[in-house]
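Coordinate inspection notes
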Amino acid sequence: MHQTVDTALGINLLHANQHIAEDNRDRFNQWGVTCFNLMSSPGAGKTQLLEQTLAALNAERKMAVIEGDMTTQLDADRLRRTGIPVIAINTGRACHLDAKMVAGGMIQLEQEHQPDDLDLIFVENVGNLVCPAEFEVGEHAKVALLSLTEGEDKPLKYPIMFREADCLLITKTDLAPYLDVSIDTIIENVRQINTKATIIPLSAKTGEGVADWLQWLRAAAKPSQPTTAPPSLSVV
Amino acid sequence: MHETDMTKALILTIEDWLADQPDHPPVKTVYLTVGEFAGVEPASLQFAFQVQRQNTCVSTAALVIENIPLVAFCHPCQREYRPQIGQQYSCPTCNSPMEEIRSGRELKIDRLEFMTESAAPASPSKQTVEV
């Protein structure tokens with residue numbers, strides 16, 4: 001005969017990931033670095049936006065990229081052409097970066113570069129609107145991208161990503177004349193679930209709106225002096 | 001694929017917890033609470049669990065999933081409402097955005113049920129783990 005014994009746990013399923021994410025954030029803070037987690041569906045324009053961003057801020061900020069892709073180093077190679085340190089992580093089967101993978105990238109960054117000198121680290125997540133939203137990696141702010149070609153309904157269909165975002169970039173606005181997509185409707189849909197995110201329509205191709213994005217980054221980044229207390233970023 | 005990773009996280013979390021429980025009996029049932037707004041499909045989770053539990057600490061365990069509905073609270077109206085996922089999240093009465101979520105974000109291992117010999121102490125060990 002068997003009897004059953006119950007044990008109440010009450011542990012969040014992603015507890016282990018959350019724990020490592022907090023360790024990562026502590027280390028970013030020790031380095032005096034602000035970390036941004038860039039998330040979107042595949043092809044929304046994360047890599048091209050990063051190319052523009054790295055080029056535009058190169059003179060004023062020291063930056064590095066942790067690049068997540070399921071396979072290949074195509075994106076990492078593109079970004080390396082900017083001359084900025086890029087740590088490539090192939091997630092293999094996994095459809096998102098988790099905190100442990102990013103922790104591995106941070107160790108590599110420490111071995112190969114001087115993270116104390118850095119101001120900003122961009123984590124380019126695997127293209128996917130679902131999973132990355134659930135797996136925190138230790139970032140200070142979440143940046144979601146939604147390209148115009150994806151349509152107005154995506155914030156309603158994939159609400160968690162858009163609710164979690166601190167900044168939403170509506171990308172590829174140069175295509176607006178060719179599409180029956182309203183930026184205002186996208187914004188209305190996002191506002192149903194997220195009243196706090198900064199929303200910036202932009203085109204990395206024409207440069208429209210990019211200045212607003214850079215402005216947001218500067219405001220969200222820690223001051224260059226690591227001794228100064230970091231601004232608190234509220235996660236929505 | 002998403003649920004495969006979630007299941008991996010689930011099994012690792014249980015393994016971590018069990019590592020601190022020496023001589024624990026086999027796990028009979030894993031009780032999971034999954035909110036409607038947690039981005040996880042219970043049926044896929046159940047399927048992934050059946051596949052991945054082999055040769056782990058939960059190899060003979062069953063997975064029981066309790067679904068929790070998405071409930072939001074509208075401050076202007078001072079009342080709870082059930083958003084229509086994928087269609088409308090704002091308040092159906094006053095159209096205010098969905099700001100406060102009262103339930104539906106849960107993704108939690110609620111409790112474990114162990115199989116023990118009848119000779120084991122009769123009083124069940126109730127432990128709560130603070131996270």
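All values derive from a computational prediction rather than experimental measurement. (Residues numbered from 1 in each chain as written. Chains lettered and ligands numbered in written order. Predicted model: local features only at pLDDT ≥ 70, side-chain atom pairs only at ≥ 80, totals over all residues.)

**So, the confidence of the model for chain B**
Overall, the prediction assigns chain B a mean pLDDT of 87, with 88% of residues at 70 or greater. Note that pLDDT drops below 50 for residues 119-131 of chain B; the model gives that stretch 19 contacts with residues more than four away or on any other chain. (pLDDT = per-residue confidence, 0-100. Contact = placed C-beta atoms within 7 Å.)

**Focus: the pairing of strand 8 (residues 198-201) of chain A**
With four bridges connecting them, strand 7 (residues 167-171) of chain A and strand 8 of chain A associate as parallel partners. Its bridge partner being in strand 8 of chain A, Leu169 of chain A is matched across the sheet by Ile200 of chain A. (Pairing = 2+ DSSP bridges. Helix = DSSP H or I, 4+ residues; strand = E, 2+ residues; numbered from the N terminus.)

**Observations concerning the sheet that holds strand 3 (residues 71-74) of chain B**
All names here are of chain B. A sheet is described by the order of its strands in space; here three strands give the open sequence 4-3-5, paired in antiparallel fashion. The sheet terminates laterally at strand 4 (79-81) and strand 5 (100-103), the two strands that pair on one side only. Across the sheet, the mean angle separating the axes of adjacent strands is 40 degrees when strand polarity is ignored. Strand direction decides the pairing type here: strand 3 and strand 4, joined by three bridges, are antiparallel. Pairing of Ala72 across the sheet is with Tyr81, part of strand 4. (Axes fitted to C-alpha atoms, helices over the stretch in contact; angles between N-to-C directions.)

**A short note on the sheet that holds strand 7 of chain A**
Residues and elements named next belong to chain A. Strand order in the open sheet made by the seven strands is 4-3-5-2-6-7-8, with parallel pairing throughout. The strands lining the two open edges of the sheet, one partner per strand, are strand 4 (86-90) and strand 8. Averaged over all neighbouring strand pairs, the angle between strand axes comes to 20 degrees, with direction disregarded. Inspection of the sheet shows strand 3 (residues 63-69) paired to strand 4 by five bridges, in the parallel sense. Paired with Gly68 across the strands is Ile89, a residue of strand 4.

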